[in-house]
Amino acid sequence: MSGLLTLAYLIGSITFIVGLKMLSNPASARKGNLIAAAGMFIAIIGTIFLYEENGERLHNFGWLFGGLFIGTVVGVLAAKKVKMTAMPEMVSLFNGMGGACAMLISIVEFDHLANGHITVNIGKFIQDAIGQAAQHGDINIGAGFGNPVGKYLIILLGLIIGSVSFAGSMVAWGKLNGKVKDFSFNGQHIVNLIVLAAIVIAGAWLLIDVHQQFSGGNGSWTSNPPAAPFPNIELQSMADTTLINTLFYVTLALSIVYGVMFVMPIGGADMPVVISLLNSFTGVAAACGGFLYNNPVMLTGGILVGSAGTILTILMCKAMNRSLKNVLIGSFGAKATSAGGGPKDQGNYKEVTIADAAVMMRYASKVMIVPGYGLAVAQAQHVCHELEKLLEEKGVEVNYAIHPVAGRMPGHMNVLLAEADVPYEKLEEMETANAAMPNTDVVLVLGANDVVNPAAKNDPSSPIYGMPILEVELAKMVIVNKRSMKPGYAGIENELFFQPKTSMLFGDAKSVLQQLVAEVKTL
Amino acid sequence: MTAILDFLQLHIEMVYIVILSIFLGIEVISRVPSVLHTPLMSGANAIHGVVIIGAIIVMGKAEADNWLALVLGFLAVILGTLNVVGGFVVTDRMLEMFKKKK
């Protein structure tokens, strides 16, 4: 590795650390992202032009730049065009691409190692080794060349983690955009465990086979390299690679199956947690590449994301008061349907007209808006801001109560409202909002369901029991906008809707808000 | 087993980097507000796109007649670039909105 490339990688590693640090603070986040991006650019350019292996530079520049070009154009277009509401699935999709990238690298490197006809200039190799030994004072000929089990192990790890992350992310992506439904069956966890065990067995078998072939076998030597006069020996691939090949592709297939099965049953509010977890998986897969190529920037970048992602996953779980174990084996959505046992008759709900709702809010002194996914899908954040401004002009105090996991991802709602220029001071975090509820005259719930479900507090049998919620039922009046009485994303009935002080306002969030704006204007 | 120990010894510096990076990663984001969870996840997502360097190496050293390496490497470069570029751009778009508030 040339000195300049070492420097490029050093810069890359530092920018990743600094960038990640800045990303965790609202004031510096955007700059942090740009810094990390700049570091990535330096590391990539450095690799293309400076990387060398055994004195040989990279070639195939046509293919390389072609790939970079296509990836950049598609990536920028996709990232620019995606709606803010679709952000979670976009993140998941990009994550899947990273996982797939790690998987492909492992496949090629495996093929190279197991089936490649490696011509080794032993003479040069030994001379290099002696040269190195002269510098370092001890002779370690053949150390890097002996038994390749370690290398296979790294390739396998990259393959397994990359494929699980890829397959899982694609399922998550499909689920978030509604193309894939939650799916689970009895004993699924056991099947998952069996698949996982099969992966471990296939992988271990492969390593053992490699080990045996290399310690007893054909075309290999561990400690006694051939003596002078240093012939050029063509090391054919190992005697029998059929078994190794089969095991490798079996591992690949099983890993993909596992990735699918692992995400399939998870749904509802648990999705962001899984995406975050898969995100850290891809980080670890990237770090395996770091080992494979002795590449420090892949290693630091990958491990940083791996560990930071794991912590982030745990923090998200905490925000919802769920343990990671619950998320992974609790399968939120699946349980809810069985425990809920279909729509229970919880009594009657009452409807309110647009005109009445407008009057209630216009003559209130304090209104709290609870935005949820319904607002997000309807892209109603702009109208919502309009309504809020209008009410403020008429002397009503309006604030937003933001649940940490409102929308489809933590912080998602803040991003959406920010898009509509809602002032930051108007957004209240859950604790402050809850403290303000008893003094609030009207709460307007816009397509939120689980985050305002009192069952989380009162019903120990509910799957969301224990999750902190916005206690809207403490306010004097609650208006809930939903499209129908269908239960929300987690599939749980919400008794809030049947309480006497709750009125339902059916319709698409955007059109309802537009009508409310028109109505309030006349008052 | 010895093979794995050999590998470990050979890469001991890397192992140290891994261990230190784990602690660093935990330390760096241990106190992040929930508002930033999504952008942070997305930013971290872009950073692990560093795996593209592996793709570049695979692609760049593939022999002209090794179609498996060429095709898979090419695909890997495209996917890796998508991960990196898409990730950073999407994160920037999200964070841009946070800035407007002030």
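Residues numbered from 1 in each chain as written. Chains lettered and ligands numbered in written order. Predicted model: local features only at pLDDT ≥ 70, side-chain atom pairs only at ≥ 80, totals over all residues. Heavy atoms only, no water.

As recorded by an unreviewed UniProt entry, chain B carries the name proton-translocating NAD(P)(+) transhydrogenase and is attributed to Chitinophaga caseinilytica. Reading the Subcellular location (unreviewed entry) entry of the UniProt record for chain B gives the comment "Cell inner membrane". Under Catalytic activity (unreviewed entry), UniProt gives the following word-for-word description of chain B: "NAD(+) + NADPH + H(+)(in) = NADH + NADP(+) + H(+)(out)". (UniProt positions renumbered as here; feature names shortened; annotations may be inferred.)

Chain A appears in an unreviewed UniProt entry as proton-translocating NAD(P)(+) transhydrogenase from Chitinophaga caseinilytica. Regarding chain A, the relevant UniProt record gives this comment under Subcellular location (unreviewed entry): "Membrane". Chain A has a UniProt comment under Catalytic activity (unreviewed entry) that states "NAD(+) + NADPH + H(+)(in) = NADH + NADP(+) + H(+)(out)".

A. Summary view of the packing of helix α6 (residues 149-176) of chain A against helix α8 (residues 242-263) of chain A. Residues and elements named next belong to chain A. Two elements in contact, α6 and α8, have axes whose closest approach is 7 Å; the angle formed by their N-to-C orientations is 30°. Judged by the angle between their axes, α6 and α8 are roughly parallel. Considering the relative orientation of α6 and α8, their crossing is right-handed. Residues Tyr-152, Ile-155, Leu-156, Leu-159, Ile-160, Ser-163, Val-164, Ala-167, Gly-168, Val-171, Ala-172 and Lys-175 of α6 form the contact with α8, whose participating residues are Ile-244, Phe-248, Thr-251, Leu-252, Ser-255, Ile-256, Tyr-258, Gly-259, Val-260 and Val-263. Class assignment for the residues of the contact of α6 with α8 results in 16 nonpolar, five polar and one charged. (Axes fitted to C-alpha atoms, helices over the stretch in contact; angles between N-to-C directions. Helix = DSSP H or I, 4+ residues; strand = E, 2+ residues; numbered from the N terminus. Parallel < 35°, antiparallel > 145°, perpendicular 65-115°, else oblique. Left-handed = near helix turned anticlockwise from the far one by under 90°. Contact = heavy atoms within 4.5 Å. Nonpolar A, V, L, I, M, F, W, Y, C, P; charged D, E, K, R; others polar.)

B. Quick look at the side chain of Glu-388 of chain A. Mapping Glu-388 of chain A onto the fold places it in helix α15 (residues 381-393). Although Glu-388 of chain A is buried, it makes no salt bridge; Lys-426 of chain A carries the closest opposite charge, 4.8 Å away. (Buried < 20%, exposed > 50% of the residue type's maximum accessible area, 1.4 Å probe, protein only. Lys, Arg positive; Asp, Glu negative; His and termini not counted. Salt bridge = Lys/Arg side-chain N within 4 Å of Asp/Glu carboxyl O.)

C. Fine view of the UniProt feature "transmembrane region" (unreviewed entry) in chain B. Residues and elements named next belong to chain B. Per the UniProt record, the feature "transmembrane region" (unreviewed entry) sits at residues 12-30, 42-61 and 67-91. Along residues 12-30 the backbone is 89% helical and 0% strand, and the end-to-end C-alpha distance reaches 27 Å. With 80% helix and 0% strand, the stretch residues 42-61 has end C-alpha atoms that lie 31 Å from each other.

D. Geometry of the sheet that holds strand β9 (residues 442-446) of chain A. Residue and element names in this part refer to chain A. Pairing within the open sheet is parallel, and its seven strands lie in the order β5-β11-β10-β9-β6-β7-β8. Two strands lie at the open edges of the sheet, namely β5 (350-351) and β8 (427-429), each paired on one side alone. Where strand β10 (residues 477-482) meets strand β11 (residues 502-506), five bridges bridge the pair, whose relative direction is parallel. From the neighbouring strand, Val-480 faces β11, where its bridge partner is Met-504. Seen against the sheet, helix α13 (residues 354-362) touches β6 (366-371), β9, β10 and β11 and runs at an angle of roughly 135° to β10. (Pairing = 2+ DSSP bridges.)

E. Structural view of the confidence of the model for chain A. Residues with a pLDDT of 70 or more make up 84% of chain A, whose mean pLDDT is 82. Counted against residues more than four places away or in other chains, residues 137-145 of chain A, with its pLDDT under 50, gives 14 contacts. (pLDDT = per-residue confidence, 0-100.)

F. How the structure looks around the environment of Lys-175 of chain A. Residue and element names in this part refer to chain A. With respect to the helices and strands, the residue Lys-175 is situated in helix α6. Under the relative-accessibility criterion, Lys-175 is labelled buried at 4%. In the structure, Lys-175 is positioned 130 residues away from Ile-45 in sequence and 36 Å away in space, judged by C-alpha atoms. In terms of polar contacts, Lys-175 uses its side chain to reach the backbone carbonyl oxygen of Ile-266, at 2.4 Å. (Polar contact = N/O pair within 3.5 Å; in protein donor to acceptor, adjacent residues only side chain to side chain.)

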